[in-house]
Amino acid sequence: MVSKSGIVGLVSGLAVVLFAVSMAGDESAGYVKTIATVDESGFSQSCVEVGCYAPSVANVKVGSIVIMTNTDPTGVHTFTSGTVNGFTPEPDGMFDSSVLMSGDAFEHEFSSTGTYDYYCMLHTWMTGKIIVS
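Bear in mind that the values here come from a model prediction, so they are computed numbers and not experimental data.

(A) A look at the overall build of the chain. Of the regular secondary structure elements, the chain holds one helix and nine strands. For the chain, the N- to C-terminal ordering of α and β elements is α-β-β-β-β-β-β-β-β-β. Expressed as a percentage of the 133 residues in the chain, the buried residues total 32%. Accessible surface for the chain amounts to roughly 7600 Å². Of this, 61% is attributable to carbon and sulfur atoms.

(B) Region of interest: the environment of M126. Considering the arrangement of structural elements, one finds M126 in the loop between β8 (114-119) and β9 (127-132). The residues contacting M126, other than those within four sequence positions of it, are T37, S41, G42, C52, Y53, H77, Y118, Y119 and C120.

(C) Up close: the sheet that holds β8. Strand order in the open sheet formed by five strands is β3-β9-β8-β5-β6, and the pairing between neighbours is mixed. Each end of this open sheet is capped by a strand with a single partner; those strands are β3 (57-60) and β6 (88-96). Here the average twist between neighbouring strands, direction ignored, is 30°. Inspection of the sheet shows strand β5 (residues 80-85) paired to β6 by five bridges, in the antiparallel sense. Paired with T83 across the two strands is E90, which belongs to β6.

(D) Just the pairing of strand β4 (residues 65-69), in detail. One ladder, built from three bridges, connects strand β1 (residues 34-37) with β4; its direction is parallel. For A36, the partnering residue across the bridge sits in β4 and is T69. Summarising the sheet, β4 and strand β7 (residues 105-109) pair through five bridges and their orientation is antiparallel. Residue T69 lies in a different strand from β7, and its bridge partner there is A105.

(E) Broad picture of the pairing of β1. Taken together, the two bridges between β1 and strand β2 (residues 53-54) define a ladder with antiparallel strand orientation. The partner of A36 across the bridge, within β2, is A54.

(F) Quick look at the side chain of S41. Structurally, S41 can be placed in the loop between β1 and β2. Once residues within four sequence positions are removed from consideration, S41 is found in contact with C47, C52, D72, H77, W125 and M126.

(G) Focus on the packing of aromatic side chains. The tally for this structure, following the rule as stated, stands at seven aromatic pairs. Centroid distance F79 to Y118: 6.0 Å. Interplanar angle 25°. Geometry classified as stacked. Residue F79 is located in the loop between β4 and β5, and its partner Y118 is located in strand β8; the two are separated by 39 residues in the primary sequence. The same class applies to F79 and to Y118, which are both buried. Arranged with centres 6.4 Å apart and planes meeting at 50°, the rings of F95 and Y118 form a pair that is tilted. Remark: Y118 occurs in strand β8 and F95 occurs in strand β6; sequence separation between them is 23 residues. The residues F95 and Y118 share a single accessibility class, namely buried.

(H) Structural detail: the nonpolar core. Of all hydrophobic cores here, the largest spans 20 residues; its most connected members are I35, M68, F79, F95, F110 and I130. At the level of elements, β3, β4, β8 and β9 are the ones that each hand at least two residues to this core. When sequence neighbours within four positions are dropped, the list of residues in contact with I130 reads I35, A58, V60, M68, F95, F110, G114, T115, Y116 and Y118.

What counts, and where the lines are drawn
Residues numbered from 1 in each chain as written. Predicted model: local features only at pLDDT ≥ 70, side-chain atom pairs only at ≥ 80, totals over all residues. Heavy atoms only, no water. Helix = DSSP H or I, 4+ residues; strand = E, 2+ residues; numbered from the N terminus. Buried < 20%, exposed > 50% of the residue type's maximum accessible area, 1.4 Å probe, protein only. Areas by Shrake-Rupley, 256 points an atom, 1.4 Å probe, with all protein chains shown as cover. Contact = heavy atoms within 4.5 Å. Pairing = 2+ DSSP bridges. Axes fitted to C-alpha atoms, helices over the stretch in contact; angles between N-to-C directions. Phe/Tyr/Trp six-rings, centres within 6.5 Å; stacked < 30°, edge-to-face > 60°. Core = buried A, V, L, I, M, F, W, Y, C linked by side-chain atoms within 4.5 Å.

Here's what the structure looks like:
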């Protein structure tokens, strides 16, 4: 006969395993939960070809909260949803971090699948894409 404590232990162990598998599944699928700015991306457009945000294309699981952080020690930046036409910003109003000083962060929950473009309102050459699935 199995004791109550044995059943509780088995259920607890199973919960830990399922949690670990679910977390590993997110990582193996390439999902990210953080996006950062590239150093000195506000001073130079040299990051355009490789991406001024890291990653420049982020795959996100629907329902995830993404933390967008200005890690550039040399400048202020934004994470603003929308596109840039030439150098003219076209925000779409989905999210806007406002100006972030170095080290500041902004969080946004992606509750719908889709592809979301974003850019830096201060440095319009800085663009990125978030793909939510």
